[in-house]
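Report on the structure
This is what each chain is made of:
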Amino acid sequence: MSPAFDPGRLAGRIAAGEPLALARGISHVENESDGFEALLERLDGRTGRARRIGITGPPGAGKSTLTAALTRHYLNQSLKVGIVAVDPTSPFTGGALLGDRIRMGELSTEPGVFIRSMASRGSLGGLATATREAADLMDAAGYDRVILETLGVGQAELDIAVSADTTAVVLVPESGDGVQAMKAGLMEVADLFVINKSDRPGADRLEKEIAIIMSIRFANRPPGDADGDADEVWRMPIMQTVASEARGIEEFAEHLDRHFDWLRSTEKLETHRQTARLRRAHDALLRRSRRDAQRIWRRASRETLDSGASPYATARRLYEEFRKTLGGT
Ligand SMILES: Nc1nc2c(ncn2[C@@H]2O[C@H](COP(=O)(O)OP(=O)(O)O)[C@@H](O)[C@H]2O)c(=O)[nH]1
Ligand SMILES: [Mg+2]
């Protein structure tokens, strides 16, 4: 099968930092065009330089606004920023948030910024996988920071969040209490908490609540875990921001840096990234099998489907066919 594009050439252009090539590359990954894995493979050796930051939380918490403000901050430090937005309601796709101080539209024309939103449906191999690979391509293209903005609802979204080096969970005073966030699994993925919209009442109360929940969790750690080396323990910051006015952004960036330094100093970064590579291999294997199985499914004649056999018998028969194709290659 001849690839739909030349992976070697496109990889070269992505590595050279051409935004158009990067955009095309991500589309090939999303569509699983022939040759997309060859592209990822060629760029594999160039990944690992970018710091990946996950920003997750309920809809409307201000994730996009926070992402935009953080991006501004990084641009001022002459850092290049890639943004992957996995949120159908993201203003990164729908244009500027009218009336807001920080406009996403402005960011998208900055030379040091690359914004990509991922469709939450489609993507046969799974949204989380495609998103991680989009981040890989941005990394290979030389973006210093890759921000993954994702909704904090559902396993696929949380999966994306935890694939970052550092995950910030954004909550707002009006989004219900900390217990709600705990139920949604957000507490499990957080490396730091951002209470955004702290210009609204209730921010201090929410901060205390999260602190209490976290201290209970900390007290419940299995024995031996808590009294390990003090440096091994990450003390989770809880901080307040007003993203729409870029307040607290510097502190936010500092905490992100501190967490990254901590990851590096404890060698957790290395472990984390090794695990991530294993995970990529696992995902690629599943995606490949799923694609082959689908091919067989499409070839299955109506006859098979109309044969009156139970769905399970049909699946078994097709699976046997699938196995034969495995044996043949
Ligand atoms: N009052 C206030 N509004 C904010 C703040 N941050 C964001 N917003 C507004 O909240 C709304 C949702 O923000 P958005 O970034 O789209 O949230 P997302 O769904 O989490 O990405 C927008 O109208 C923002 O302007 C804040 O700190 N204070
Ligand atoms: Mg958003």
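Please refer to the structure placed before this passage.
Summarised in this report is the structure supplied together with it. No experiment lies behind these values; they were computed from the predicted model shown.

**Some points on the pattern of salt bridges**
Counting across every chain of the model gives 23 salt bridges. Across the salt bridge formed by R279 and D283, the nearest N and O atoms sit 3.8 Å from each other. Residue R279 and its partner D283 are both found in helix α13 (residues 268-299); the two are separated by four residues, about one turn of the helix. Classification of R279 by relative accessible area gives partly exposed; the value is 31%. The network of salt bridges with common partners includes E37, E133, R287 and R288.

**Considerations on the nonpolar core**
Grouped together as the largest cluster of nonpolar side chains are 31 residues, with contacts concentrated most on I14, L22, I26, L39, M118, L137 and M138. Looking at this core, the elements that each hand over two or more residues are α1 (7-15), α2 (19-31), α3 (36-43), β2 (81-86), α7 (127-140) and β4 (145-151). Here this core takes eight residues from α7, the largest share from any one element. Here this core gathers at least three residues from each of two domains, domain 1 (1-46) and domain 2 (47-266). Filtering out sequence-adjacent residues up to four positions away, M118 remains in contact with I26, E30, V84, A85, V86, L127, A130, T131 and A134.

**A look at the layout of surface pockets**
Empty space within the second largest pocket amounts to approximately 640 Å³. If you trace the second largest pocket, you find 25 residues lining it, with D44, T47, D136, R277 and R280 closest to the centre. Secondary structure elements with two or more residues in the lining of the second largest pocket: α3, α7 and α13. Top element by residues in the lining of the second largest pocket is α13. It accounts for 10 residues. In terms of residue class, the lining of the second largest pocket is made up of six nonpolar, five polar and 14 charged.

**Re the packing of aromatic side chains**
For the structure shown, the criterion picks out three aromatic pairs. Considering the side-chain rings of F114 and Y143, the 6.1 Å spacing of their centres and the 50° angle between planes classify their relative orientation as tilted. Here F114, found in strand β3 (residues 113-117), pairs with Y143, found in the loop between α7 and β4; they are 29 residues apart in sequence, far enough to count as distant. Taking the relative accessible area as the measure of exposure, F114 reaches 7% and is therefore buried. Residue classification places Y143 among the buried residues on the basis of a relative accessible area of 2%. Pairing W234 with W262 gives two aromatic rings, centres 5.5 Å apart and planes at 40°, and the pair type is tilted. Separated by 28 residues along the polypeptide, W234 in the loop between α11 (203-219) and β7 (238-240) and W262 in helix α12 (residues 249-265) bring together distant segments of the chain. In this structure, W234 and W262 share a single accessibility class: buried. It is K80 that lies over the ring of Y143; its NZ or CZ is 4.5 Å from the centre.

Criteria and cut-off values
Residues numbered from 1 in each chain as written. Chains lettered and ligands numbered in written order. Predicted model: local features only at pLDDT ≥ 70, side-chain atom pairs only at ≥ 80, totals over all residues. Heavy atoms only, no water. Salt bridge = Lys/Arg side-chain N within 4 Å of Asp/Glu carboxyl O. Helix = DSSP H or I, 4+ residues; strand = E, 2+ residues; numbered from the N terminus. Buried < 20%, exposed > 50% of the residue type's maximum accessible area, 1.4 Å probe, protein only. Core = buried A, V, L, I, M, F, W, Y, C linked by side-chain atoms within 4.5 Å. Domains from an automatic or database assignment. Contact = heavy atoms within 4.5 Å. 1 Å grid on protein atoms, 1.4 Å probe; cavity = no way out; pocket = protein on both sides within 12 Å on 5 of 7 lines; lining within 4 Å. Points joined across faces, edges and corners; volume = space filled by probe spheres on them. Nonpolar A, V, L, I, M, F, W, Y, C, P; charged D, E, K, R; others polar. Phe/Tyr/Trp six-rings, centres within 6.5 Å; stacked < 30°, edge-to-face > 60°. Lys NZ or Arg CZ within 6 Å of the ring centre and 35° of its normal.

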